[in-house]
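# Residue-level structure breakdown
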Amino acid sequence: MGEVFLLLLIILISGGGLYAAYRFAKWVASNGTGTPEMQNISNAIREGANAFLKRQNTTIGVLAFILAFVLFVGYGIIRKHMPSDPISSNIALGFWITFSFVLGAICSLTAGYIGMWVSIRSNIRTAAAAINSVNDALRVALRGGAVSGLMVVSMSLIGVCGLYVLVKIFTDVPSTRIPFLIVGYGFGASFVALFAQLGGGIYTKAADVGADLVGKVEAGIPEDDPRNPAVIADLVGDNVGDCAGRGADLFESTAAENIGAMILAAVMAEKVPNASPGWVLGVMLFPMLVRAFGIIASIIGVYYVKVKDNEEPMHALNYGYYITVGITIIGLFIACLWLFYHESAPSGWFYFFGCGVIGVLTSVAFLYITEYYTDYRYRPVRSITEASQTGPATNVIAGVAVGLESTALSAIAISIAILFAYHLGKNSGFPDAGVLGTAVATMGMLGPAAYVLAMDTFGPISDNAGGIIEMTEHSEEVRQRTDKLDAAGNTTKALTKGYAIGSAALAAFLLFSAFIDEVKNYGHKISSIDISVPEIFISGLIGATLVFLFSSLAIRAVGRAAFYVIQDVRNQFREKPGILEHKEKPDYGRCVDIVTRGALKEMILPGLVATVTPVAVGLIFKYYDLGPESVASLLMVGTIVGILMATFFNNSGGAWDNAKKYVETGYMGGKGTPTHKAAVVGDTVGDPFKDTAGPSLHVLIKLLSTVTLVLAPLFI
């Protein structure tokens with residue numbers, strides 16, 4: 001009865017999250033859509049985003065189908081059945097792994113698409129609301145973003161619960177072994193997220209770089225000027241990168257971490273003396289219950305966001321975030337007391353509650369660290385602005401230095417969180433509960449995920465709204481309102497990247513531990529990773545190299561795709577000399593189509609390199625009887641290097657962006673000065689850092705974990 005009740009409660013709350021998303025979407029749709037000129041621009045953005053996503057999803061679908069076929073053949077036909085398998089036949093094992101992979105891929109694609117669908121309908125309504133007040137526009141943009149956040153978290157929980165119930169109905173697998181059978185769900189979500197984030201990131205930055213270099217630097221026209229042929233492609237990019245891509249990214253985070261934490265919880269709970277089956281199942285379902293409580297917290301947080309015309313929008317957004325965090329902590333308290341209390345360790349539940357609070361506080365710490373390194377109120381960004389006085393070279397040098405410096409505080413925050421959570425779990429009174437303590441911290445950090453994703457999607461919605469207002473030449477007062485929202489949106493995008501990398505770091509430790517437990521479950525115990533063994537050292541080196549190679553391919557892809565955009569914009573200026581004099585209209589559609597084809601072409605190689613490398617290492621070193629240890633080494637070193645590299649990319653790119661915006665406020669002469677031109681060059685360098693390579697590395701870190709988790713039996 002306890003298991004059934006918990007599953008129903010989780011599904012009910014998740015269903016409530018979907019209903020709240022529907023209500024928010026309906027409320028956003030009830031707002032006005034502005035003038036016909038505004039609607040024309042919004043329609044062009046919507047058509048471009050739909051065209052890109054249709055092509056991208058078709059490409060990803062083909063790749064996912066091929067991989068699903070390989071998974072089924074590998075598990076169901078090639079691999080020999082093992083007594084430790086969670087199910088009695090190879091065909092059945094292959095079916096459930098493949099089915100969960102396909103379901104995870106479909107849900108991830110759907111979550112990303114719905115987020116973008118709402119975003120491209122919220123931008124015009126945010127722009128129209130800005131004509132009245134900042135508060136109206138803020139509420140439209142945030143509630144539009146909340147649709148994406150709530151859909152992602154709710155669908156993730158419903159997907160895991162649905163798979164769990166299906167396995168219970170159609171097999172006789174013990175409940176505590178079910179997570180081993182549905183690990184493919186997280187892999188499917190990770191696989192889709194990698195390509196969605198890569199494709200969207202390449203598109204958005206290729207369009208942005210092309211529009212800025214030819215429009216701002218060469219032609220000397222403002223940002224979002226309707227004379228720029230790449231301006232619609234740039235606005236489309238905000239949606240396909242920051243909405244669809246990040247939606248798929250956080251979907252796979254929630255899916256993979258839920259299953260990994262369930263594995264760790266089940267392994268620990270079964271070791272507790274005199275533990276009843278109901279208590280063990282309750283502990284195993286704890287991660288999903290905490291995430292469900294996070295949905296409730298996020299809904300309440302979104303409702304409380306309001307702003308006065310003379311108030312900074314970030315203050316209101318932060319207020320909503322702190323409300324969400326507070327309610328998340330209350331939910332953690334209830335879940336820990338309810339599910340972790342046991343006579344053998346009567347105070348153990350409170351230790352785990354402490355682990356969860358550490359996770360929540362770590363998310364707050366990452367927001368502050370990211371804000372310090374990317375907001376022009378603080379020393380790092382101001383140092384880049386001052387360096388811009390002597391040209392682009394010193395601007396770039398200062399930006400690289402800021403990005404490298406930012407890794408220290410981030411690494412310290414992650415280290416403190418893992419260390420304290422591990423020892424709290426270890427001292428809880430439960431056997432071997434240290435690693436589970438870090439898993440609970442991860443659940444705590446991901447508790448406010450729906451609200452954080454709402455803030456992230458708020459960014460591109462506000463950016464698009466500002467572009468629409470700029471292109472339709474509204475009054476200075478209206479522009480100032482959208483500029484306020486756009487500035488807040490740039491900050492929220494930077495903050496959510498920091499949040500994403502922090503959660504990826506904790507999640508990677510969780511999933512690494514789940515991999516060790518899964519390998520042990522299949523009869524191969526890993527007691528240590530000895531890097532003095534050549535095969536183990538080489539595997540770790542390959543893991544570190546993969547991060548650098550993947551980053552290089554992603555950044556190079558932006559450069560190549562941007563070349564196509566730059567050429568087209570230059571060609572259009574030559575073909576239609578009247579464009580710059582407002583006598584002829586540019587062909588926006590041609591530019592959108594060119595960057596779409598370029599981005600999709602360039603995303604395939606880095607995506608395949610990331611997916612194939614850990615599989616190849618595991619299969620090659622399997623013949624040295626070191627398959628699991630080699631993969632563990634690759635996973636461990638690749639994760640550490642990936643976390644630091646992603647932090648460097650995110651923060652240096654964000655710092656360059658806001659250094660440029662600081663100059664544009666009038667500091668050091670403002671727009672058009674040599675200092676501004678140097679800052680624009682730095683921002684252009686940082687664009688693929690913060691919006692392509694950095695976010696894609698978040699997914700790479702978790703993809704390494706999920707692909708090894710799914711394929712662990714093949715390496716033994």
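Let me sum up the structure you'll find in this document.

The rules behind these values
- Residues numbered from 1 in each chain as written.
- Predicted model: local features only at pLDDT ≥ 70, side-chain atom pairs only at ≥ 80, totals over all residues.
- Heavy atoms only, no water.
- Helix = DSSP H or I, 4+ residues; strand = E, 2+ residues; numbered from the N terminus.
- Rg over C-alpha atoms; globule rule 2.2 N^0.38 Å.
- Buried < 20%, exposed > 50% of the residue type's maximum accessible area, 1.4 Å probe, protein only.
- Areas by Shrake-Rupley, 256 points an atom, 1.4 Å probe, with all protein chains shown as cover.
- Lys, Arg positive; Asp, Glu negative; His and termini not counted.
- Charge placed at Lys NZ, Arg CZ, Asp CG, Glu CD.
- Expected span 1.5 Å × (residues − 1).
- Core = buried A, V, L, I, M, F, W, Y, C linked by side-chain atoms within 4.5 Å.
- Contact = heavy atoms within 4.5 Å.
- Axes fitted to C-alpha atoms, helices over the stretch in contact; angles between N-to-C directions.
- Parallel < 35°, antiparallel > 145°, perpendicular 65-115°, else oblique.
- Left-handed = near helix turned anticlockwise from the far one by under 90°.
- Phe/Tyr/Trp six-rings, centres within 6.5 Å; stacked < 30°, edge-to-face > 60°.
- Lys NZ or Arg CZ within 6 Å of the ring centre and 35° of its normal.
- Patch = residues over 30% accessible without salt bridge, like charges linked within 9 Å, V, L, I, M, F, W, Y side chains within 5 Å.
- Salt bridge = Lys/Arg side-chain N within 4 Å of Asp/Glu carboxyl O.
- Nonpolar A, V, L, I, M, F, W, Y, C, P; charged D, E, K, R; others polar.
- Disulfide = S-S within 2.5 Å.

What follows covers the overall build of the chain. Along its length, the chain carries 19 helices and zero strands. Relative to a compact globule of 716 residues, whose C-alpha radius of gyration would be 27 Å, the chain shows 25 Å and is just as compact. Taken over the C-alpha atoms alone, the chain extends approximately 80 × 50 × 45 Å along its principal axes. Scored against the burial criterion, the 716 residues of the chain give a buried share of 65%. Total accessible area on the chain stands at roughly 24200 Å², and carbon and sulfur atoms take up 65% of it. Across the chain, the centroid of the 49 positively charged side chains sits 3 Å from that of the 54 negatively charged ones.

It is worth spelling out helix 13 (residues 434–446) at this point. For helix 13, with 13 residues, the first-to-last C-alpha span of 19 Å sits near the 18 Å given by 1.5 Å per residue. Most of helix 13 is tucked away: twelve of the 13 residues are buried.

Glancing now at the nonpolar core. Formed by 242 residues in total, the largest nonpolar core has its most connected members in L317, F340 and F352. If one sorts the elements of this core by residue count, helix 7 (residues 231–269) sits on top with 21 residues. Those residues in contact with F352 that sit more than four places away from it in its chain are M268, C336, F340, G425, S428, F430, A433, L436, G437 and V440.

It is the contact of helix 4 (residues 134–170) with helix 14 (residues 449–471), at a shortest axis distance of 7 Å, that shows an interaxial angle of 135 degrees. Put simply, helix 4 runs oblique to helix 14. Judged by the twist between their axes, the crossing of helix 4 over helix 14 is right-handed. Across the interface between the two elements, L138, A141, L142, G144, G145, A146, S148, G149, L150, V152 and V153 of helix 4 pack against A449, A450, Y451, L453, A454, M455, T457, F458, I461 and S462 of helix 14.

Each aromatic ring pair is summarised here by two numbers: the centre-to-centre distance and the angle between the ring planes. Taken as a whole, this structure holds 28 aromatic pairs when the rule is applied. Centre to centre, the rings of W96 and F99 are 6.0 Å apart; their planes meet at 85 degrees, and the pair counts as edge-to-face. One end of the pair is W96 and the other is F99, both in helix 3 (residues 90–130) and three residues apart, which spans about a single turn. By relative accessible area, which is 7% here, W96 ends up buried. For F99, a relative accessible area of 31% puts it in the partly exposed group. Between F621 and Y624 the ring centres are 5.8 Å apart and the planes differ by 50 degrees, which places this aromatic pair in the tilted class. Note on F621: relative accessible area 10%, which makes it buried. One aromatic cluster in this structure is built from W279, F286, F340, F352 and F430. Sitting over the ring of W27, R143 keeps its end group 4.7 Å from the ring centre.

Let us now look at a nonpolar patch on the surface. Together, F5, I330, F333, I334, L337, W338, Y341 and F350 line one region of the surface with nonpolar side chains, adding up to about 770 Å² of accessible area. Here the nonpolar patch gets five residues from one element, more than from any other, and that element is helix 9 (residues 313–340). Looking at the secondary structure, you find L337 in helix 9. We classify L337 as partly exposed; its relative accessible area is 38%.

With respect to the element layout, L436 can be found in helix 13. Spatially, the C-alpha atom of L436 lies 7.4 Å from that of A261, the residues being 175 residues apart in sequence. Beyond its immediate chain neighbours, meaning those up to four positions away, L436 contacts A261, L264, A265, M268, F340 and F352.

Topologically, V396 is positioned in helix 12 (residues 392–426). Separated by 260 residues in sequence, V396 and W656 have C-alpha atoms that sit 8.2 Å apart. Setting aside residues no more than four positions away along its own chain, V396 makes contact with W656 and V685.

Compared with an ideal rise of 1.5 Å per residue, which puts 46 residues at 68 Å, helix 15 (residues 476–521) spans 65 Å between its outermost C-alpha atoms and is within 8% of the ideal. A positive phi of about 90 degrees marks G523, the residue just after helix 15.

On to the packing of helix 12 against helix 13, then. At their nearest, the axes of helix 12 and helix 13 sit 6 Å apart, and the two run at 125 degrees to each other. The angle between helix 12 and helix 13 places the two elements in the oblique class. Crossing handedness for the pair helix 12 and helix 13: right-handed. In contact with I418, A421, Y422, G425 and K426 of helix 12, helix 13 contributes G434, V435, G437, T438 and A441. The class makeup of the residues in the contact of helix 12 with helix 13 is five nonpolar, four polar and one charged.

Turning to its location among the elements, I397 is positioned in helix 12. Counting along the chain gives 348 residues from I397 to A49, while the straight-line C-alpha distance between them is 35 Å.

The subject of this paragraph is the side chain of R291. By the secondary structure assignment, R291 is in helix 8 (residues 277–303). Accessibility expressed as a relative area gives 1% for R291, which makes it buried. Excluding anything up to four places from it in sequence, R291 contacts V153, L157, T254, N258, M443, L446, G447 and A449.

A few words now on the state of the cysteines. As enumerated under the stated definition, the model contains zero disulfides in all. In this structure C107 is not part of a disulfide, and its nearest cysteine sulfur, from C161, lies 12 Å away. Owing to a relative accessible area of 11%, C107 belongs among the buried residues under this scheme. Overall, C161 belongs to the buried group, its relative accessible area being 0%.

Here the structure, examined in full by the defined rule, presents 14 salt bridges. Between D375 and R377 there is a salt bridge; the shortest N-O distance is 3.3 Å. Using a relative accessible area of 47% as the deciding quantity, one classes R377 as partly exposed.

Here the focus is unusual backbone geometry. Backbone geometry places N274, a non-glycine residue, at a positive phi of 60 degrees. For N274, the location among the structural elements is in the loop between helix 7 and helix 8.

Among the structural elements, T176 can be located in the loop between helix 4 and helix 5 (178–181). We classify T176 as buried; its relative accessible area is 12%. Not counting chain neighbours up to four residues away, the residues in contact with T176 comprise A266, E270, V280, L281 and M284.

Bear in mind that shape data such as this cannot, by itself, settle questions of function.
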